[in-house]
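Below, each chain spelled out in residue letters.
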Amino acid sequence: MNMIIKPLKHAILLACVSLTTPAYALDKPATMDEMWQVIRAQQKQIDELRNQHHAVEKSSNTDTPSSEPVATKSANTDVKNLERKTDVLSQEVEKLRTNLAIPEEAKYKSAYGLGPAASKIYAAGKGLSIGGYGQASYQAKVDDKGTESDNADLERIVLYAGYKFTDHILFNSEIEFEHGTTGEGAEEKGEVSVEFAALDFFINQKANIRAGLVLMPMGFINTIHEPPFYFGNNRPEVEQRIIPSTWREVGVGLFGELLPNLTYTTYVTNALNAKEFGSSGIREGRGSGTEAKAESFGYIARLDYAPPQIPGLSVGGSAYVGNSGQDQTFVGKKVDAFTQLYEGHLQWKYRGLEFRALGSWGSIGNADLLSQAKGEVIGSENFGWYTELGYDIMPHLFANSTQYLAPFFRYERLDTVAKAPGSIGVLADDPHQDWEIFQVGLQYKPIPNVVVKADYRNRVAKDENTNPLSDDFNLGFGFIF
Amino acid sequence: MKHTQHQINSAQLKFSMNWGIGLIFLTTACVVNAGELVAAKTSALTAKEKLGQQLFFDTNLSTPVGQACASCHNPKTFFIDPDKNQPTSDGALPHLKGNRNTPMVLYNAFSPPFHYDSKEGLYIGGQFLDGRAATLAEQAKGPFLNPLEMANPDKNTVVNKVRKASYAKLFIQVYGTNAFNNANSAYNKIADALAAFERTPIFRPFTSKYDYFLAGKAKFTDQEKRGRQLFEDENKGNCAACHPSRPAEDGTPPLFTDFSYDNLGVPQNPNNPFYQLPSRLNPEGRKFVDKGLGGVVHETAENGKFKVPTLRNIAKTEPYMHNGYFKTLEGITDFYSNRDIKPVCKKAWVTEADALKQGCWPKPEVTQNVNINELGELNLNTEEIKALVAFLKTLTDGYKTNN
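Basis of the calculations
- Residues numbered from 1 in each chain as written.
- Chains lettered and ligands numbered in written order.
- Predicted model: local features only at pLDDT ≥ 70, side-chain atom pairs only at ≥ 80, totals over all residues.
- Heavy atoms only, no water.
- UniProt positions renumbered as here; feature names shortened; annotations may be inferred.
- Phe/Tyr/Trp six-rings, centres within 6.5 Å; stacked < 30°, edge-to-face > 60°.
- Buried < 20%, exposed > 50% of the residue type's maximum accessible area, 1.4 Å probe, protein only.
- Lys NZ or Arg CZ within 6 Å of the ring centre and 35° of its normal.
- Helix = DSSP H or I, 4+ residues; strand = E, 2+ residues; numbered from the N terminus.
- Patch = residues over 30% accessible without salt bridge, like charges linked within 9 Å, V, L, I, M, F, W, Y side chains within 5 Å.
- Areas by Shrake-Rupley, 256 points an atom, 1.4 Å probe, with all protein chains shown as cover.
- Salt bridge = Lys/Arg side-chain N within 4 Å of Asp/Glu carboxyl O.
- Contact = heavy atoms within 4.5 Å.
- Polar contact = N/O pair within 3.5 Å; in protein donor to acceptor, adjacent residues only side chain to side chain.
- Domains from an automatic or database assignment.
- Buried area = accessible area lost by both parts, 1.4 Å probe.
- Disulfide = S-S within 2.5 Å.
- Lys, Arg positive; Asp, Glu negative; His and termini not counted.
- Charge placed at Lys NZ, Arg CZ, Asp CG, Glu CD.

Identification of chain B as Cytochrome c peroxidase family protein from Crenothrix polyspora is taken from an unreviewed UniProt entry. Note on chain B: under the UniProt heading Subcellular location (unreviewed entry), the record states "Cell envelope".

Labelled according to an unreviewed UniProt entry, chain A appears under the name Phosphate-selective porin O and P, originating from Crenothrix polyspora.

Here's what the structure looks like:
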């Protein structure tokens, strides 16, 4: 038996090697169907040749076991040639197939404020485009404070699916799988959610229409949250608790480039739901397109400018206003709960340097009644800001390296109850919501699509002495495709 | 226990009644914001409600006379039995005692009619600790004829007593001239009037410190705040899972009960006088086991389950649990925290005080269906237990604010 398998192994090995060597000119069949036919025919030929070869080998084995017979030799070359051809063809088929989905050389470039992987469809010629990202992390709560336990988490796997119907109409979407599994039965573990799903109508560079479940264009993270493009394993808390990323609502609006380097986005959406506001902010009040209350509307607009004089700099701001009362009663009264959120941001990427600063301020009307109805204080004002600085030191370590290694530092300050609606009881301030975070970390990208992150967060709440927040060490990786 | 001491005479009852009205004024005086904390004025009571009030306080309606609803549900003591020295109540015949701890009747009108919630897979609502009366009116028919309570031989006896009462005119005014003609329907009307009274704002004052805290009118101490956190924290007390502490969606202040049923694994109470009753009334003697809901719906999966009680006025309504096993909130909290951590007491029939001393908890009265998922092993430290108790003490009605 062994004697038969050995030459086969050789053949396969050779075929494998040929995979990596360039193929000589072959007439490429045009369609996949044609190609498969050719491949099948060739495979048949190979099989026949191989059978012949084995037959010869068997008979020769008996008398001249040591030396290879001439007939076998020529058969061997035939097999090899044919196999090489088949391989080349298979590769072509594979290419044709994947070309449908993934452009040969994906250009990861942010378009219309979306993340680079999310923007693939905009660069695609026509048809379907698939992209995505994922991240996983291990979090160790530092022992001395807090009571939460360590955890390892496949935080999220995200698929972007876009479809370009014509040059003027396209569909883009993001579907997220959080925390690995949704759990069995009544277990509540992960979630599957549509992060955005919208139709774009390109009319004019200055004014295009987007409609559907849209990402609210606020801050850095809400629209661009792919792991290689922000520091640390955790998104900045300011962009989770003050700007409630990932914030998406059902809406319709305009976007485009007003002047060179001056872009804007504006939507009308369903409003937030004040019933779900809490001490920790407006986050739970998001509609997320899940049978969201739509008795009231929200309005959001954003402007960004990248001055051509200073390469790598961009500044911008955004504003959201809307009533969150949604026609519900709060301790017996109907209220507007007029909600505002403003944000300004600046980013500067220069050579290896990456600097970001963001500040946000919000206010909630009727916070006294909302607090009484909820049984916990809801801030009539909230605010947060952070700044971060990273620097790619790789070029200094290895001059020719295309890899990336950046230590970074981030400071955050936020308070979801910056102003309490009263001073007594449930209306009084909750110092546990007043946070300061110091974070240091290291970001490593072997290739631009893949990132490994390690960071430490020292989190301090105002009532640190009686009810401390836990510090944490985080290790994780992320990727986009 | 000297029975004579808590035989309520009519003078005492008058006092109770005044107190009941006093309570009404108290509520009015402290009301923060109409609509938020519910106000009540006696003058606002309808004729039917006033009739119910008369019936509730009438000591003449038992056989022998001397016991009213208010004797066991005394407004002076938050509508529980003023005799705190025994876990259950004496009947009209004082040597006869029920097997259950008298619950407070405040806030009972919020209990939905007894039903099976197929979505939750739980029995919900009803009156009595085992839900055997669907509604307040159903419930009110019970005590008059219960031999261990007001001990009347039949409905006719009760109806005749009402017919001769000073408020018989009021009865006719409410239910019509023929109201007494049929004993059966007259009896139902008595229950109807009682239920109407029990639905008045007198029975839902919502005037605890916690209510004022929620209205933004009272400050909590750090310990009380911490206690509330622990009470609500799923990883700590997790009490709010069954005793909800937040206002309801419709604005009803927190009731501290979801009206579901559970078996906490409460031990048998060695001091329950029911065990000493003659075999005619308790044939099983010390072997008696209170099956709770299971005894009503006849499903073994419900054995040992009792209705989650409100925790309002909890600091003033000891003893606690269906059989009055616990006398202290510290004991209860320790039980919730350590039931499955401390060893099972070697001996049976250990009281709360002895169990705390010995560092053990006795085995449950009903070992089936004990809830081991939500309680029993909370790992609360002494500080946390103290904070929880401090929070529970903010639930007492009649709190006076400074402003």
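J.: Just checking my understanding: could you explain the packing of aromatic side chains for this structure?
T.: How two aromatic rings sit relative to each other is given by the distance of their centres and the angle of their planes. As enumerated under the stated definition, the model contains 46 aromatic pairs over all chains in all. Aromatic pair A:Phe479 and A:Phe481: ring centres 6.3 Å apart, planes at 20°, arrangement stacked. When its relative accessible area of 24% is taken as the criterion, A:Phe479 is described as partly exposed. Through a chain of ring-to-ring contacts, the aromatic side chains of B:Tyr210, B:Phe213, B:Phe220, B:Phe231, B:Phe256 and B:Phe391 assemble into a single cluster. Stacked on the ring of B:Phe128, the Lys or Arg B:Arg132 has its end atom at 3.7 Å from the ring centre. The side chain of B:Arg286 reaches across the aromatic face of B:Trp349, ending 4.2 Å from its centre.

J.: It is not clear to me how the UniProt feature "domain: Cytochrome c" (unreviewed entry) in chain B should be interpreted in this structure. Could you clarify?
T.: Residues and elements named next belong to chain B. As annotated in UniProt, the feature "domain: Cytochrome c" (unreviewed entry) corresponds to residues 47-166 and 222-396 in the numbering used here. Between the end C-alpha atoms of residues 47-166 the distance is 14 Å, and the span holds 28% helix and 5% strand. Here residues 222-396 is 25% helix and 2% strand, with 18 Å between the C-alpha atoms at its ends.

J.: What's the story with the environment of B:Asn373 in this structure? I'm lost.
T.: Mapped onto the secondary structure, B:Asn373 falls in the loop between helix H13 (352-358) and helix H14 (382-392). Along the primary structure B:Asn373 and B:Asn101 are separated by 272 residues, whereas in three dimensions their C-alpha atoms are 26 Å apart.

J.: Before we go on, may I ask you to explain unusual backbone geometry in this structure?
T.: All names here are of chain A. Backbone torsion omega between Ser-245 and Thr-246 reads -5°, so that peptide bond is classified as cis. With respect to the helices and strands, the residue Thr-246 is situated in the loop between helix H5 (238-242) and strand S6 (248-259). Phi is positive for Asn-366, which is not a glycine, with a value near 55°. Looking at the secondary structure, you find Asn-366 in the loop between strand S13 (353-364) and helix H6 (367-374).

J.: I tried to follow a nonpolar patch on the surface on my own but got confused; where do I start?
T.: Residues and elements named next belong to chain A. Nonpolar side chains collect at one region of the surface, where Tyr-138, Phe-409, Phe-438, Val-440, Tyr-456, Phe-473 and Leu-475 lie side by side and expose about 590 Å² of accessible area between them. Elements represented by at least two residues in the nonpolar patch include exactly strand S16 (434-445) and strand S18 (472-480). Mapped onto the fold, Phe-409 is located in strand S15 (residues 404-419). Residue Phe-409 is classed as partly exposed on the basis of its relative accessible area of 39%.

J.: Help me understand H14(B), please; the structure alone is not making it clear to me.
T.: Each α-helix winds once per 3.6 residues, and so residues spaced three or four apart point in a common direction. Residue and element names in this part refer to chain B. Counting buried positions along H14 yields 8 of 11 residues, so the element is predominantly enclosed. For H14, every residue scored as buried is listed here: Glu-384, Ile-385, Ala-387, Leu-388, Val-389, Ala-390, Phe-391 and Leu-392. On its buried face, H14 is in contact with helix H9 (209-214), helix H10 (222-232) and helix H12 (329-338). The N-cap residue of H14 is Asn-381: its side-chain oxygen and the backbone nitrogen of Glu-383 are 3.1 Å apart.

J.: Which parts of the structure should I look at to understand the domain arrangement of chain B?
T.: By convention, interface size is frequently given as the accessible area that disappears when the constituent parts associate. Residue and element names in this part refer to chain B. Taken domain by domain, chain B comprises domain 1 (11-110 + 135-203) and domain 2 (209-395). Distance between the C-alpha centres of domain 1 and domain 2: 27 Å. In this complex, domain 1 contributes 23 residues to the contact, which on the side of domain 2 involves 31 residues. For the pair domain 1 and domain 2, the summed buried surface comes to about 2,300 Å²; carbon and sulfur atoms form 66% of the total. Counting across the domain 1 and domain 2 interface gives 2 salt bridges. The residue Glu-318 makes a salt bridge to Lys-84 at a minimum N-O spacing of 3.5 Å.

J.: Please clarify how the interface of chain B and chain A should be interpreted in this entry.
T.: Contacts between the two partners involve 13 residues from chain B, matched on the other side by 13 residues from chain A. Carbon and sulfur atoms make up 44% of the surface buried where chain B meets chain A, a total of about 1,300 Å² over both sides. Taken together, the connections running from chain B to chain A amount to 1 salt bridge. Note that B:Arg246 and A:Glu376 form a salt bridge whose closest N and O atoms lie 2.7 Å from each other. Put simply, chain B and chain A have 8 residue pairs in polar contact (both at pLDDT 80 or more) between them.

J.: What should I look at first to understand the state of the cysteines in this one?
T.: Covalently bonding the sulfur atom of one cysteine to the sulfur atom of another cysteine gives a disulfide. Residues and elements named next belong to chain B. One pass over the full model with this rule turns up 1 disulfide over all chains. Two residues, Cys-345 and Cys-360, share a disulfide whose sulfurs are 2.0 Å apart. The sign of the S-S torsion, about 95°, decides the handedness of the disulfide formed by Cys-345 and Cys-360: right-handed. Taken together, the positions of Cys-345 in the loop between H12 and H13 and Cys-360 in the loop between H13 and H14 put the pair 15 residues apart, joining distant regions of the chain. By relative accessible area, which is 5% here, Cys-360 ends up buried.

J.: Help me understand a negative patch on the surface in this model?
T.: A surface patch of negative charge is lined by A:Glu276, A:Glu284, B:Glu249 and B:Asp250. You can see B:Asp250 is positioned in the loop between H10 and strand S3 (261-262).

J.: What am I meant to see in H6(A) here?
T.: Buried residues dominate H6(A), accounting for 6 of its 8 residues. Where H6(A) is concerned, the buried positions are A:Ala367, A:Leu369, A:Leu370, A:Ser371, A:Gln372 and A:Ala373. At its buried positions, H6(A) is contacted by strand S10 (329-330), strand S11 (333-334) and S13 of chain A together with H9 of chain B. Positive phi appears at A:Gly375, one or two residues downstream of H6(A), with a value of about 85°.

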